[in-house]
Amino acid sequence: MAKILTKTVKLSEIHLNPDNPRTITTKAMENLTKSLKEFPEMLELREIVVDESMMVLGGNMRLRALQESGAVECVAKIVTGLTDKQKREFVIKDNAGFGEWDMDALANAWDDLPLADWGIG
């Protein structure tokens, strides 16, 4: 069974996952960095997930954006006890988009927000 510890850690302690198959465009990285600067509490709500060696399982792009923004620490969820297969599964499933946006609902109820800046649209 996996054990989870949530705590604030230095970014220098966390290692980007070189095997993460996700990519990000320069513009999207700029938007993510801006978003994290404008709403830093987001990272307390959606921590970077790392394994016992401090390798990112979830949040590779967020870590890169934090590094680019000049941040020195973040909240991390440190997970121990996962098998290598479970770690690989988490990396993929954490980034999988199973749902779709209801564009009518967004246009009618969320149009007061900068959705395009947030990667929607």
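Residues numbered from 1 in each chain as written. Predicted model: local features only at pLDDT ≥ 70, side-chain atom pairs only at ≥ 80, totals over all residues. Heavy atoms only, no water.

Caption draft 1: Molecular detail of the overall build of the chain. Across its full length, the chain holds five helices and four strands. Overall size of the chain, expressed as C-alpha extent along the three principal axes, is 45 × 30 × 25 Å. Taking the intrachain contacts of the chain between residues at least 6 apart in sequence as the baseline, contacts between residues at least 24 apart amount to 82%. Of the roughly 8,400 Å² of accessible surface on the chain, 54% is carried by carbon and sulfur atoms. In the chain, 15 side chains carry a positive charge and 20 a negative one; their mean positions are 7 Å apart. (Helix = DSSP H or I, 4+ residues; strand = E, 2+ residues; numbered from the N terminus. Contact = heavy atoms within 4.5 Å. Areas by Shrake-Rupley, 256 points an atom, 1.4 Å probe, with all protein chains shown as cover. Lys, Arg positive; Asp, Glu negative; His and termini not counted. Charge placed at Lys NZ, Arg CZ, Asp CG, Glu CD.)

Caption draft 2: Expanded view of the packing of helix 1 (residues 26–38) against helix 3 (residues 60–69). At their nearest, the axes of helix 1 and helix 3 sit 9 Å apart, and the two run at 75° to each other. What the angle tells us is that helix 1 and helix 3 run roughly perpendicular. Contacts between helix 1 and helix 3 pair Met29, Leu32, Thr33, Leu36 and Lys37 from the former with Met61, Arg62, Arg64, Ala65, Leu66, Glu68 and Ser69 from the latter. Across the contact of helix 1 with helix 3, the residue classes break down as six nonpolar, two polar and four charged. (Axes fitted to C-alpha atoms, helices over the stretch in contact; angles between N-to-C directions. Parallel < 35°, antiparallel > 145°, perpendicular 65-115°, else oblique. Nonpolar A, V, L, I, M, F, W, Y, C, P; charged D, E, K, R; others polar.)

Caption draft 3: Seen up close, the nonpolar core. Counting residues in hydrophobic clusters, the biggest one holds 18 residues, and the most contacted among them are Val9, Ile14, Ile48, Val50, Leu66 and Cys74. Within the residue set of this core, elements represented by two or more residues are helix 1, strand 2 (48–50), helix 3 and strand 4 (73–80). Among residues more than four places away in sequence, those in contact with Cys74 are Lys7, Thr8, Val9, Leu11, Ile14, Ile48 and Leu66. (Core = buried A, V, L, I, M, F, W, Y, C linked by side-chain atoms within 4.5 Å. Buried < 20%, exposed > 50% of the residue type's maximum accessible area, 1.4 Å probe, protein only.)

Caption draft 4: View of the pairing of strand 4. By the bridge criterion, eight bridges tie strand 1 (residues 3–10) to strand 4 in an arrangement that is antiparallel. Of the residues in strand 4, the one forming a bridge with Thr6 is Lys77. Here strand 2 pairs with strand 4 via three bridges, running parallel. By the bridge assignment, Val49 is partnered in strand 4 with Lys77. (Pairing = 2+ DSSP bridges.)

Caption draft 5: The pattern of salt bridges, seen in detail. This model, assessed by the stated rule, comprises six salt bridges. Across the pair Asp51 and Lys87 runs a salt bridge whose closest N-O atoms are separated by 3.3 Å. You can see Asp51 sitting in the loop between strand 2 and strand 3 (56–58) and its partner Lys87 sitting in helix 4 (residues 84–95), a full 36 residues away along the chain. Judged by relative accessible area, which is 6%, Asp51 ranks as buried. For Glu52, the salt bridge goes to Lys87, with nearest N and O atoms at 2.6 Å. (Salt bridge = Lys/Arg side-chain N within 4 Å of Asp/Glu carboxyl O.)

Keep in mind that these numbers describe shape and distance, not what the molecule does.
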